[in-house]
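# Summary of the model geometry
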Amino acid sequence: MRLAIVRPLPRSFLSALKKNTPGEPIDWERAHQQHETYARIVAQAVPHVITIPADESFPDCCFIEDTAVVSGSDIVITRIGAESRRGESEAVAEEIAKLAREGYSPRIHRITSPATMDGGDVLQMGDHIFVGLSERTNAEAVRQLQTFLPKRKVTSLPVADGLHLKSVLSAFSDEILLAADSSPARLMAQAIMDALGAKARCVYLPDTIAANVVRLDKTVLIQAGFPKSEAILRSLAGEEGLRVECLAMSELIKADGALSCCSLLIPR
Ligand code: CIR
């Protein structure tokens, strides 16, 4: 991984969007600590981490994954599906423009109206890009993405459960898909497996939230607090020679945040 971009929680995080009202309200201090720990662990695994200051007018701004899709040397700035979040991409686009002046010059594209897309709906495995059609991401965005990335195989599929495609699945590696062991997630995973072909395999996890992991070169970040899923992931990591970092994200989960949503990763 070449660099990661993170964005801390604003005080307004308590008003972040939520699909369901949490049983216990969000504890801001704990949420802040959980995010700080996440950022520290990312910084141990990635040589360069950029922190964009939080913006109080965007309660969800810590969920930076949704603002852009990075694919090789292309960066696609998204047009976020939720109107209250739409401005979040601007600070990220500005930061990326600064990087270009420092010698990192990706090709930059922009998803434009009427398309909407959240990075949480985009799963990359090798040359394949899977895009979830969800409440946040529409078919026009998929069409624009394929035009920007002509060498990638872009496939869309309906999100049958959860907020985003990656709310119920993620890539452990280019050949290993992780998915929640529920019927909607199994259907979505099967569509992905059909496109990936015989060299890929899917590992199902008993806890939905645990199916979202972050792979940083030789490290994998997983959710703490889900022992059955953790045992499966630790065994998988052992097979692949990876270091496991187990992170508690209970307060971010209350605002539908998983692990991947808290960083924007730029590969080598
Ligand atoms: C939202 O509803 O947009 C935020 N509360 C959660 C976004 C999580 N993003 C992600 O998993 N990529």
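Everything that follows concerns the structure shown earlier in this document.
Here goes a summary of the coordinates provided. A quick note: this is a predicted structure, and the numbers were derived from the prediction, not measured. (Residues numbered from 1 in each chain as written. Predicted model: local features only at pLDDT ≥ 70, side-chain atom pairs only at ≥ 80, totals over all residues. Heavy atoms only, no water.)

## A few points about the overall build of the protein chain
Looking only at helices and strands, one finds six helices and 15 strands in the protein chain. Relative to its length of 268 residues, the protein chain is compact, with a C-alpha radius of gyration of 17 Å against a globular reference of 18 Å. On the principal axes, the C-alpha backbone points of the protein chain span a range of 45 × 40 × 35 Å. Looking at the protein chain as a whole, 54% of its 268 residues qualify as buried. Restricting the contact set of the protein chain to residue pairs at least 6 apart, pairs at least 24 apart contribute 73%. The average position of the 30 basic charges and that of the 34 acidic charges among the side chains of the protein chain differ by 4 Å. (Helix = DSSP H or I, 4+ residues; strand = E, 2+ residues; numbered from the N terminus. Rg over C-alpha atoms; globule rule 2.2 N^0.38 Å. Buried < 20%, exposed > 50% of the residue type's maximum accessible area, 1.4 Å probe, protein only. Contact = heavy atoms within 4.5 Å. Lys, Arg positive; Asp, Glu negative; His and termini not counted. Charge placed at Lys NZ, Arg CZ, Asp CG, Glu CD.)

## Some remarks on the pattern of salt bridges
Pairing between side chains of opposite charge can happen when the charged atoms of each approach one another. Summed over the entire model, instances satisfying the criterion amount to 17 salt bridges. Between Glu95 and Lys98 there is a salt bridge; the shortest N-O distance is 3.4 Å. Of the two residues, Glu95 and Lys98 both sit in helix α2 (residues 88-101), three residues apart, roughly one turn of that helix. Since its relative accessible area comes to 15%, Glu95 is described here as buried. Linking Asp181 and Arg186 is a salt bridge whose minimum nitrogen-to-oxygen distance equals 2.8 Å. The network of salt bridges with common partners includes Arg30, Glu251 and Lys254. (Salt bridge = Lys/Arg side-chain N within 4 Å of Asp/Glu carboxyl O.)

## Some points on the side chain of His35
You can see His35 is positioned in helix α1 (residues 28-45). A polar atom in the side chain of His35 sits 3.2 Å from the backbone oxygen of Arg7. (Polar contact = N/O pair within 3.5 Å; in protein donor to acceptor, adjacent residues only side chain to side chain.)

## Points about the site of the ligand
Around the ligand sit 13 residues in total, of which Asp60, Glu65, Arg85, Arg136 and Ala255 are the nearest. Within the contact set of the ligand, a nitrogen atom lies 2.7 Å away from a side-chain nitrogen or oxygen of Asp60. Between the ligand and Ala255, the relevant distance is 2.8 Å, taken from a nitrogen atom to a main-chain nitrogen or oxygen of the residue. For the ligand, whose accessible area on its own is 340 Å², the fraction buried by protein is 97%. Grouping the constituent residues of the shell around the ligand by class yields five nonpolar, two polar and six charged. (Near = heavy atom within 4 Å. Areas by Shrake-Rupley, 256 points an atom, 1.4 Å probe, with all protein chains shown as cover. Nonpolar A, V, L, I, M, F, W, Y, C, P; charged D, E, K, R; others polar.)

## Considering the side chain of Glu65
The topology assignment puts Glu65 in the loop between β2 (48-51) and β3 (68-71). Within the structure, Glu65 has its side chain in polar contact with the side chain of Lys166 (distance 2.7 Å).

## Observations regarding the sheet that holds strand β15 (residues 264-266)
Ordered by their spatial adjacency, three strands build an open sheet running β2-β1-β15, and the pairing between neighbours is mixed. Of all the strands in the sheet, just β2 and β15 have a single pairing partner and so form its edges. Each strand axis lies, on average, 20 degrees off the axis of its neighbour in the sheet, ignoring direction. As paired strands, strand β1 (residues 3-6) and β2 are joined by four bridges and run parallel to one another. What sits directly across from Leu3, in β2, is His48. (Pairing = 2+ DSSP bridges. Axes fitted to C-alpha atoms, helices over the stretch in contact; angles between N-to-C directions.)

## Side note on unusual backbone geometry
With the exception of glycine, most residues fall at negative phi, and the peptide bonds are largely trans. Here the amide bond leading from Ser113 into Pro114 is cis, since omega sits at 10 degrees, within 30 degrees of zero. As for its position among the elements, Pro114 is in the loop between β5 (107-110) and β6 (122-125). Located in the positive-phi region is Asp217, a residue other than glycine, with phi close to 50 degrees. For Asp217, the location among the structural elements is in the loop between β12 (214-216) and β13 (219-223). Even without being a glycine, Asp256 presents a positive backbone phi close to 65 degrees.

## Notes on the nonpolar core
The biggest cluster of nonpolar side chains holds 35 residues, and the ones touching the most others in it are Leu123, Leu169, Phe172 and Leu177. Of all the secondary structure elements, the ones that give two or more residues to this core are β6, β9 (169-171), β10 (176-180), α4 (183-196), β11 (201-205), β13 and α5 (227-240). In this structure Phe172 touches Leu178, Val213, Arg215, Val220, Leu233, Leu236, Ala237, Glu240 and Leu242, once residues within four positions along its chain are discounted. One finds Phe13, Ala16, Leu221 and Leu259 within the second-largest nonpolar core, a separate group that totals 24 residues. (Core = buried A, V, L, I, M, F, W, Y, C linked by side-chain atoms within 4.5 Å.)

## Some words on the packing of aromatic side chains
Following the criterion strictly, the structure yields one aromatic pair and no others. Its guanidinium or amino end placed over the ring of Trp28, Arg11 lies 3.7 Å from that ring's centre, counting from NZ or CZ. The ring of Tyr204 has Arg186 sitting right over it, with the charged end atom 3.8 Å from the ring centre. (Phe/Tyr/Trp six-rings, centres within 6.5 Å; stacked < 30°, edge-to-face > 60°. Lys NZ or Arg CZ within 6 Å of the ring centre and 35° of its normal.)

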